[in-house]
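Observations on the three-dimensional arrangement
Chain by chain, the residues run as shown.
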Amino acid sequence: MKPLLRTLPLIIMMFIIFGFSAGEGAESGSLSYMVCEWICAFLDIFGLELEPASIQFPVRKLAHMTEYALLYMSAVLALGKINKARIIAFAFCVIFAISDEIHQLYVPGRVGCVTDVLIDTVGICFGLIACIIIGKLRKRKAQ
């Protein structure tokens, strides 16, 4: 695969994360509330009645983890077969998470939060685990 094509998912994920972080506090809150309404409407089909506000916090944090798992996986893809790609990708993603929280300090209605960096890092770890599993499955398939 060509280097540009390998790098494109990483660039896209960086723009997505930056875009979400650039949204003012009220805008970000209303977006996550809307997602929670969709989730609650879906769960209601199965008889699970929840209020969107009751799941908003975990949904927001799960979104953080998902974004950073995908960021990590796309960073590993971009690095290709570079020696220690997983370690480099991990460090890059943690630094990106820190810079993202610093960025939020300058967005009205948003705050930079150390706990969000930790939550992002959990997502990065899930991405690492996914890469390890995918690598093992590819090796098994190649044999």
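Shown above is the structure to which this text applies.
Residues numbered from 1 in each chain as written. Predicted model: local features only at pLDDT ≥ 70, side-chain atom pairs only at ≥ 80, totals over all residues. Heavy atoms only, no water.

Some remarks on the environment of L128
This is how the line gets drawn: Each helix corresponds to a stretch of at least 4 residues labelled H or I by DSSP, and each strand to a stretch of at least 2 residues labelled E; elements are numbered beginning at the N terminus. Only protein chains enter the accessibility calculation, which uses a 1.4 Å probe; a residue whose area is less than 20% of its type maximum is buried, one above 50% is exposed, and one in between is partly exposed. Only heavy atoms enter the contact rule, under which two residues are in contact if any of them lie within 4.5 Å.
Mapping L128 onto the fold places it in helix α5 (residues 114–142). The exposure class of L128 is partly exposed, given its relative accessible area of 24%. Residues L128 and L70 lie 58 residues apart in sequence; the distance between their C-alpha atoms is 9.7 Å. Those residues in contact with L128 that sit more than four places away from it in its chain are Y72 and R86.

Side note on the nonpolar core
Which entries qualify depends on this criterion: Here, the term nonpolar core denotes a set of buried Ala, Val, Leu, Ile, Met, Phe, Trp, Tyr and Cys residues that are joined through side-chain atoms within 4.5 Å.
Counting 18 residues, the largest nonpolar core has I17, Y68, L71, Y72, A89 and C93 as its most contacted members. Going through the elements one at a time, α1 (3–22), α3 (52–79), α4 (85–104) and α5 are the ones with two or more residues in this core. The residues contacting A89, other than those within four sequence positions of it, are Y72, A75, V76 and L79.

Topic: the packing of aromatic side chains
Put simply, the rule is: Centre distance within 6.5 Å is the pairing criterion for rings of Phe, Tyr and Trp, where only the six-membered ring of Trp is used; planes under 30 degrees apart are then read as stacked, over 60 as edge-to-face, and the remainder as tilted.
Following the criterion strictly, the structure yields 3 aromatic pairs and no others. Their ring planes at 70 degrees and their centres at 5.2 Å tell us that F42 and F46 sit as a pair that is edge-to-face. Judged by its relative accessible area of 48%, F42 falls in the partly exposed class. When the ring of F92 is compared with that of F96, the centres are 6.2 Å apart and the planes differ by 25 degrees; the resulting orientation is stacked. A residue pair is termed a helical-turn pair when its members lie 3 or 4 positions apart in one helix, as F92 and F96 do in helix α4 at 4 residues. Take F96: its relative accessible area is 14%, and that puts it in the buried class. Joined through ring pairs, the aromatic side chains of Y68, F92 and F96 make up one cluster.

Section: helix α2 (residues 25–45)
Put simply, the test is: Multiplying one less than the number of residues by 1.5 Å gives the expected span of a helix. Taken from the helix axis, the directions to the C-beta atoms give the arc we talk about.
Across its 21 residues, α2 extends 31 Å between first and last C-alpha, which sits within 8% of the 30 Å expected from 1.5 Å per residue. For α2, every residue scored as buried is listed here: G25, S28, S32, C36 and C40. Buried positions in α2, seen along its axis, are confined to an arc of 110 degrees and lie on one side of it. Across from the buried face of α2, at angles greater than 90 degrees, the exposed residues are A26, E27, W38 and I45. Structurally, α2 contributes buried residues whose contacts are with α3. Positive phi shows up at G47, right after α2, with a value of about 85 degrees.

A short note on the layout of surface pockets
The following threshold applies: Any residue with an atom within 4 Å of a point lines the site, the site being either a cavity, points on a 1 Å grid over the protein atoms alone where a 1.4 Å probe fits but cannot get out, or a pocket, an open set with protein on both sides within 12 Å along at least 5 of 7 lines. Grid points are joined across faces, edges and corners, and a volume is the space filled by probe spheres set on the points. All amino acids are sorted into three groups, where Ala, Val, Leu, Ile, Met, Phe, Trp, Tyr, Cys and Pro are nonpolar, Asp, Glu, Lys and Arg are charged, and the leftover types, Gly among them, are polar.
The space that makes up the largest pocket amounts to roughly 740 Å³. Every residue lining the largest pocket is counted, 19 residues in all, and those nearest its centre are V76, L77, G80, R86 and R138. Taken together, the elements giving at least two residues each to the lining of the largest pocket come down to α1, α3, α4 and α5. A total of 7 residues in the lining of the largest pocket trace back to one element, the largest contributor, which is α5. Here the lining of the largest pocket is composed, by residue class, of 10 nonpolar, 3 polar and 6 charged. One number sums up the size of the second largest pocket: a volume of about 630 Å³. Every residue lining the second largest pocket is counted, 28 residues in all, and those nearest its centre are F20, S28, R60, A63 and E67. Counting residues per element, the ones that place at least two in the lining of the second largest pocket are α1, α2, α3 and α4.

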